[in-house]
Amino acid sequence: PYKIYGGTNFYSRKEIKDILAYLKTINNTKDDTQVRRILNVPKRGIGSATEDKIADYAAEHGISFYEAAMRVESISGLSRAVSKVEKFVAYIEAKIREFKEAESLKNEIETLIDDIGYIEGLKLEDTDEARGRIDNIYELINKAAVFEVGQQETGDVKLGNFLSEVSLLTDADNKDTEAGAAEKVTLMTLHSAKGLEF
């Protein structure tokens, strides 16, 4: 059991958290944290001031952030951002329907990633880090494909079930990181070691 020092858990990587936030929002629009994470990812011109006004409106009316976003026309002071928020909500609503009717979870996730242009944005960065992030996104798609094959016998290939499995894997990774560190060998790359003093 070797451990890379300072290595980031697969499900803790930004690109994976972003894609999963889309999937979690589609699965449950009442999850305010996930909805807010993707409101402007990728950039769609919805700033933090708009986000704060939506959040304030949600708190005042005792509704979820997403429900407040659905009523964006009723929120004062958002004239320029209204159409952008409406487009975001319309996209999520369309995806909710598509995922319910989808024959292939893997294909639907690939379509989502293409729709939002996540990989295209990383390709434009043209860095080693961006290429690594693209590889991680393809790995997530592969995980969905493996899950799909494993669930086909039961006919339980649902987004919620995939997210539950991801949640279990994330919890297992976190426990593994916390437990028994003294009994394990830790490795460090030279890149991670740069700037450290021992």
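Structure first, text after, so check above.
Rules of the game
Residue positions are given per chain, counting from 1 as you read along its sequence in written order. The model is predicted, so local features are restricted to residues of pLDDT at least 70 and side-chain atom pairs to those at 80 or more, both for listing and for counting; the totals for chains, interfaces and linings are taken over all residues. Think of the side-chain values as coming from all heavy atoms in the structure, minus any hydrogens and water. Burial classes follow relative accessibility: with a 1.4 Å probe on protein chains only, a residue under 20% of its type's maximum area counts as buried, one over 50% as exposed, and anything between as partly exposed. In this text, helices come from DSSP runs of H or I with a minimum length of four residues, and strands from runs of E with a minimum of two, each type numbered from the N-terminal end. For this quantity, the arc is that covered by the directions from the helix axis to the C-beta atoms. Note on contacts: a residue pair is in contact if any heavy atoms of the two residues lie within 4.5 Å. Axes here refer to lines fitted to C-alpha atoms; in helices the fit is confined to the stretch in contact. Angles between the N-to-C directions go from 0 to 180 degrees. Roughly parallel covers angles under 35 degrees, roughly antiparallel covers those over 145, roughly perpendicular covers 65 to 115, and oblique covers all other angles. Working definition: a ring pair exists when centres of Phe, Tyr or Trp rings (six-membered ring for Trp) sit within 6.5 Å. Plane angles under 30 degrees give stacked, over 60 give edge-to-face, the rest tilted. Geometrically, a lysine NZ or arginine CZ counts as sitting over a ring once it is within 6 Å of the ring centre and also within 35 degrees of the ring normal.

A. Representation of helix 7 (residues 118–125) within the structure. Restricting attention to buried positions, one finds in helix 7 the residues Tyr-118, Ile-119 and Leu-122. Angularly, the buried residues of helix 7 cover 95° about the axis, an arc narrow enough to put them on a single face. Tucked into the core, helix 7 has its buried residues touching helix 1 (14–27), helix 6 (105–116) and helix 8 (128–151).

B. Structural detail: the packing of helix 6 against helix 8. It is the contact of helix 6 with helix 8, at a shortest axis distance of 8 Å, that shows an interaxial angle of 160°. What the angle tells us is that helix 6 and helix 8 run roughly antiparallel. Judged by residue contacts, Leu-105, Lys-106, Ile-109, Glu-110 and Ile-113 of helix 6 engage Ile-137, Ile-141, Ala-144, Ala-145, Phe-147 and Glu-148 from helix 8.

C. Quick look at the packing of aromatic side chains. This model, assessed by the stated rule, comprises 2 aromatic pairs. Aromatic side chains Phe-10 and Tyr-11 sit 5.0 Å apart centroid to centroid with 85° between the ring planes, which places their arrangement in the edge-to-face category. Taking NZ or CZ as reference, Lys-143 lies 5.0 Å from the ring centre of Phe-10, over its face.

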